[in-house]
Amino acid sequence: ERRREVVYRKEAGGGLDGVPVTRALLFASLGLSLVLGQDKVQLPARGFELLCWSTGSEIIVGTLLLYWLKEVERVKGSRKTATMILLASVVQSLARAALSALWPDVFKGGFCDGPLTAVFALIAAFWLTVPSIASLEVFGGLQVTNNVFVYVAALHLIVGRGWKSFSLGAVGWLFGLAYQTNFLSLGRVELPSFLSQACGKVFEGADYDKVKVRYGRFVQIRREPGRGEGGGQNQQGTGLFGGARPAEPHPQALQMLESMGFDTGVASEALRQTNNNLNEAASMLLGQG
């Protein structure tokens, strides 16, 4: 696998940094929903119903969901995410036509507008790939995971318009499961990479395909002129901030920090300074320690 170039920077990235495809869908759906509103059905060019939410509640919940679901793109990559979103939109159009033909009385009033199928395909991917990383205590002792907010918002969105929303949400969920589990080799389908690259160039510029690492005081000092690979140690063998020279970096801990985008010299020095404590080393590198 190609190793991407690392870009170090002092400032923290935004919440949608590194997820250009999700950002494009979020901005497109939010912007078109606010600008077009209910007039979208009167436009000569159809297809806006796949992006425009119908009500204010759907705009708020749908936008929040897309923001939370950005983690899917960070795990699966921009190309896979773009493929899933585009295929889900096609599936949504086909489902609307099929359901209207099969049950005309039930769906005579139409369907819930917006990228509902794409959102629930992302929710299925989120459920399968993004682990819970925290536990919250609510209602006097009930333990819930941090991901519960995604599922509560999804429940609100799928039941909000009855069958009009539930049908398309269920189709999206099933499609997302099929794509993520490679059912009938569906997961092998991928769009040309230039589509996700175009989103990256628009939203993140020339560095869109580089690993962006926010560094703190440690990395800033470590990268000062005159410090080589051993720049964190002085002639007496003490650490960068004083104290006895710590142990050599543990190979597995070093590999973990390298996978986060830090170069070998910087990661090795951080592990030496923290006696191979991976959490403390990562905090030091990120400027949080």
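What you are looking at is a predicted structure, and each value in this text was computed from that prediction instead of being measured.

A. Spatial organisation of the overall build of the protein chain. The helix and strand tally for the protein chain stands at twelve helices and four strands. Expressed as a percentage of the 289 residues in the protein chain, the buried residues total 42%. Summarising the internal contacts of the protein chain: among those between residues at least 6 apart in sequence, 70% fall at separations of at least 24. By element, 59% of the accessible surface of the protein chain is carried by carbon and sulfur atoms, the whole surface being about 15500 Å².

B. Representation of the pattern of salt bridges within the structure. Throughout the structure, instances matching the rule amount to six salt bridges. Between E71 and R74 there is a salt bridge; the shortest N-O distance is 3.1 Å. Of the two residues, E71 and R74 both sit in helix α3 (residues 70-76), three residues apart, roughly one turn of that helix. The partner of R79 in a salt bridge is E190, and the shortest N-O contact between them spans 3.3 Å. Taken as a pair, R79 in helix α4 (residues 78-102) and E190 in the loop between α7 (163-180) and α8 (193-204) lie far apart in primary sequence, 111 residues in all. Overall, the relative accessible area of 36% leaves R79 in the partly exposed class. One connected set of salt bridges, linked through shared partners, spans R79, K80 and E190.

C. Structural view of helix α2 (residues 56-68). Here α2 contains 13 residues, and its C-alpha end-to-end distance of 19 Å stays within 8% of the 18 Å for a straight helix at 1.5 Å per residue. Among all positions of α2, only E58, I59, V61, G62, T63, L65 and L66 are buried. On the buried face of α2, the contacting elements are α1 (20-36), α3, α5 (116-129) and α6 (148-159).

D. Structural context of the packing of aromatic side chains. Throughout the structure, instances matching the rule amount to five aromatic pairs. Here F107 and F111 contribute two aromatic rings whose centre-to-centre distance is 4.7 Å and whose plane-to-plane angle is 15°, an arrangement assigned as stacked. Grouping residues by exposure puts F107 and F111 together as buried. A cation over a ring is seen here: K70 above Y67, with NZ or CZ 3.8 Å from the ring centre.

E. Just the packing of α6 against α7, in detail. Running from N to C, α6 and α7 cross one another at 125°; their axes reach a closest spacing of 6 Å. Here α6 lies oblique to α7, going by the angle between them. Residue-level inspection shows L157, I158 and V159 of α6 in contact with α7, the latter providing S165, F166, G169 and A170. Here the contact of α6 with α7 is composed, by residue class, of five nonpolar, two polar and no charged.

F. Focus on the environment of G114. One can find G114 in the loop between α4 and α5. Here the alpha-carbon distance between G114 and E58, two residues 56 residues apart in the chain, equals 8.4 Å. Ignoring anything within four residues of it in the chain, the contact list for G114 reads E49, L50, L51, C52, W53 and Q92.

G. Expanded view of the nonpolar core. Ranked by internal contacts, the top residues of the largest apolar core, which has 40 residues, are L65, M84, V119, F120 and L157. Counting only elements with at least two residues in this core, the list comes to α1, α2, α4, α5, α6 and α7. Setting aside chain neighbours within four positions, we find F120 in contact with A154, L157, I158, G169, G172 and W173.

H. Spotlight on the side chain of N147. Inspection of the secondary structure puts N147 in the loop between β3 (142-145) and α6. Residue N147 is classed as buried on the basis of its relative accessible area of 5%. For N147, the side chain forms a polar contact with the main-chain oxygen of V130, separated by 3.5 Å. Those residues in contact with N147 that sit more than four places away from it in its chain are F126, V130, P131 and S132.

I. Summary view of the side chain of D113. Mapped onto the elements of the fold, D113 is located in the loop between α4 and α5. There is a polar contact of 3.4 Å between the side chain of D113 and the side chain of S54.

J. Main features of the confidence of the model for the protein chain. Here the protein chain averages 79 in pLDDT, while 74% of its residues score no lower than 70. Within the protein chain, helix α9 (residues 217-222) has the poorest average pLDDT of any element, 52, and α7 the best, 96. Note that pLDDT drops below 50 for residues 41-45; the model gives that stretch three contacts with residues more than four away or on any other chain. Note that residues 226-245 has pLDDT below 50 and, in this model, 36 contacts with residues that lie over four places away or in other chains.

Calculation criteria
Residues numbered from 1 in each chain as written. Predicted model: local features only at pLDDT ≥ 70, side-chain atom pairs only at ≥ 80, totals over all residues. Heavy atoms only, no water. Helix = DSSP H or I, 4+ residues; strand = E, 2+ residues; numbered from the N terminus. Buried < 20%, exposed > 50% of the residue type's maximum accessible area, 1.4 Å probe, protein only. Contact = heavy atoms within 4.5 Å. Areas by Shrake-Rupley, 256 points an atom, 1.4 Å probe, with all protein chains shown as cover. Salt bridge = Lys/Arg side-chain N within 4 Å of Asp/Glu carboxyl O. Expected span 1.5 Å × (residues − 1). Phe/Tyr/Trp six-rings, centres within 6.5 Å; stacked < 30°, edge-to-face > 60°. Lys NZ or Arg CZ within 6 Å of the ring centre and 35° of its normal. Axes fitted to C-alpha atoms, helices over the stretch in contact; angles between N-to-C directions. Parallel < 35°, antiparallel > 145°, perpendicular 65-115°, else oblique. Nonpolar A, V, L, I, M, F, W, Y, C, P; charged D, E, K, R; others polar. Core = buried A, V, L, I, M, F, W, Y, C linked by side-chain atoms within 4.5 Å. Polar contact = N/O pair within 3.5 Å; in protein donor to acceptor, adjacent residues only side chain to side chain. pLDDT = per-residue confidence, 0-100.

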